[in-house]
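Spelled out from the first residue to the last, the chains are:
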Amino acid sequence: MTDAFLDQLRKRWPILVLGLLISLGLLWYTFRDLHTGEILAALRGANYWWLVPGVAIYFISVWFRSWRWKFLLRGSKRVSANRLFPVVVIGYMGNNLLPFRLGEVLRAYVLWRRERVNIGTSLTTAVLERLFDGLTMVLFVLFGLLFVPLSPFFSRLVTVASAVFFGALVVFLVLASRPRLLHRIAHSLIETLMPEPVREPLFDLVEGVIAGLESLRSGRDVLVVFLVTLLVWILEAMNHWLVSFAFNLQLPYYGIVLMGGVVNLLTALPSLPGYIGTFEGGGVQVLEVIGAPSGPAASYILVLHGILLVPVTLLGLILMAREGVRWTEIWDVERSQGDK
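Residues numbered from 1 in each chain as written. Predicted model: local features only at pLDDT ≥ 70, side-chain atom pairs only at ≥ 80, totals over all residues. Heavy atoms only, no water.

1. Comments concerning unusual backbone geometry
Here Gln-250, not a glycine, exhibits a phi torsion of approximately 55°, which is positive. Inspection of the secondary structure puts Gln-250 in the loop between helix H10 (219-245) and helix H11 (253-266). Residues other than glycine seldom take positive phi values, yet Tyr-275 does so here, at roughly 60°. Relative to the elements of secondary structure, Tyr-275 occurs in the loop between H11 and helix H12 (278-289). (Helix = DSSP H or I, 4+ residues; strand = E, 2+ residues; numbered from the N terminus.)

See below:
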């Protein structure tokens, strides 16, 4: 372990412990009343050929995520979706293996190494992606609620998430519409509060953030980002739907959409890397609400989570090795960004 890694653990141990408790608590709550025999029987009886088109659809959705990132980055540098695809995969791998959502820092660093795109721009666009993803998940849940009532907990979750994501969108739209004001305020604060040696890197970071917000200055661009985000999540819902055939669950598509929305909103909670616990908790709860048998439902969620984690993680490790990126570099970059 590097000194940077240990330093980050010391600084953020409460978040790490909270994530561990949430993940283990949700796993216990989800599986406490389920029969292991039913789960194993469903796993043995599944038709795993359905995973092949499911994985293929998933990687198609990742390519469209790469296209969306290309669109968000174009104000800073034009990079093709095909060149961004391996960077996005590496970032997914990082989120699946590293704590604190460090996959976003990892892909920003890899993009800087490959294309010299400002890390501040990459991180800003990553935040915008999460914002549009969250808004789309809220819409998915609201659509599902037209057909299926949820528990008070999930209803409150949707209410809070809606307020957070729409509020964040308003803030970003305001910041994007006034780049000169943002520039003046940021530079004034840096010159007033920060020592001379770190000012220049911070000025560069601010310019990157402003460039990353460029796509929010046009209503047409916002619409394009939203529509591509909607396509990405429709494809991911199709992935969930195809995998459900392996367990003969015959789930209604609105149930799949609702499950995807709830599961992905829950990933905003602190958890273990790979969203362990939050994915299983939300998925099984929604499937039980729409009437799926508990054993096959739990087996389906475990397999679904597995194919969302394992293929992209293995590919990401291969691509990261090909890029020649070392794990120690990621911790050093993350610490430097945190110090700023």
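2. Thoughts on the packing of aromatic side chains
The full count for this structure, using the stated rule, is 11 aromatic pairs. A ring pair is formed by Tyr-58 and Phe-59, whose centres lie 5.6 Å apart and whose planes are at 70°; its orientation type is edge-to-face. Residue class for Tyr-58 comes out buried when judged on its relative accessible area of 4%. The exposure class of Phe-59 is buried, given its relative accessible area of 18%. The interplanar angle of 15° and the centroid separation of 4.5 Å between the aromatic rings of Phe-147 and Tyr-254 together place this pair among those described as stacked. Taken together, the residues span a long stretch of sequence, with Phe-147 in the loop between helix H6 (119-144) and helix H7 (152-177) and Tyr-254 in helix H11 at a distance of 107 residues. What makes Phe-147 partly exposed here is its relative accessible area of 45%. The class of Tyr-254 is partly exposed, set by a relative accessible area of 29%. Joined through ring pairs, the aromatic side chains of Trp-50, Trp-241, Phe-245 and Tyr-253 make up one cluster. Over the ring of Tyr-29 we find Arg-32; its NZ or CZ atom is 4.1 Å from the centre of that ring. Sitting over the face of the ring of Phe-71, Arg-74 holds its NZ or CZ atom 3.9 Å from the ring centroid. (Phe/Tyr/Trp six-rings, centres within 6.5 Å; stacked < 30°, edge-to-face > 60°. Buried < 20%, exposed > 50% of the residue type's maximum accessible area, 1.4 Å probe, protein only. Lys NZ or Arg CZ within 6 Å of the ring centre and 35° of its normal.)

3. Re the side chain of Arg-107
Relative to the assigned elements, Arg-107 resides in helix H5 (residues 103-115). Classification of Arg-107 as buried rests on a relative accessible area of 5%. Setting aside anything within four residues of it in sequence, one finds Arg-107 in contact with Trp-69, Val-87, Val-88, Gly-91, Ala-126, Glu-129 and Arg-130. (Contact = heavy atoms within 4.5 Å.)

4. Focus: the side chain of Asn-95
By the element assignment, Asn-95 lies in helix H4 (residues 81-97). Looking at Asn-95, the relative accessible area reads 9%, which means it is buried. Of note is the side chain of Asn-95, whose polar atom sits 3.0 Å from the backbone nitrogen of Gly-103. Those residues within four positions of Asn-95 in sequence are excluded, and the remaining contacts are Arg-101, Leu-102, Gly-103, Glu-104, Pro-273, Gly-274 and Tyr-275. (Polar contact = N/O pair within 3.5 Å; in protein donor to acceptor, adjacent residues only side chain to side chain.)

5. Examining the packing of H4 against H5
Between H4 and H5, the shortest axis-to-axis distance is 7 Å and the interhelical angle comes to 150°. Our classification of the angle between H4 and H5 gives roughly antiparallel. Crossing geometry of H4 relative to H5 is assigned as right-handed. Contacts from Arg-83, Leu-84, Pro-86, Val-87, Val-88, Ile-90, Gly-91, Met-93, Gly-94 and Asn-95 of H4 reach H5 at Gly-103, Glu-104, Leu-106, Arg-107, Val-110, Leu-111, Arg-114 and Glu-115. Residue classes in the contact of H4 with H5 are distributed as nine nonpolar, four polar and five charged. (Axes fitted to C-alpha atoms, helices over the stretch in contact; angles between N-to-C directions. Parallel < 35°, antiparallel > 145°, perpendicular 65-115°, else oblique. Left-handed = near helix turned anticlockwise from the far one by under 90°. Nonpolar A, V, L, I, M, F, W, Y, C, P; charged D, E, K, R; others polar.)

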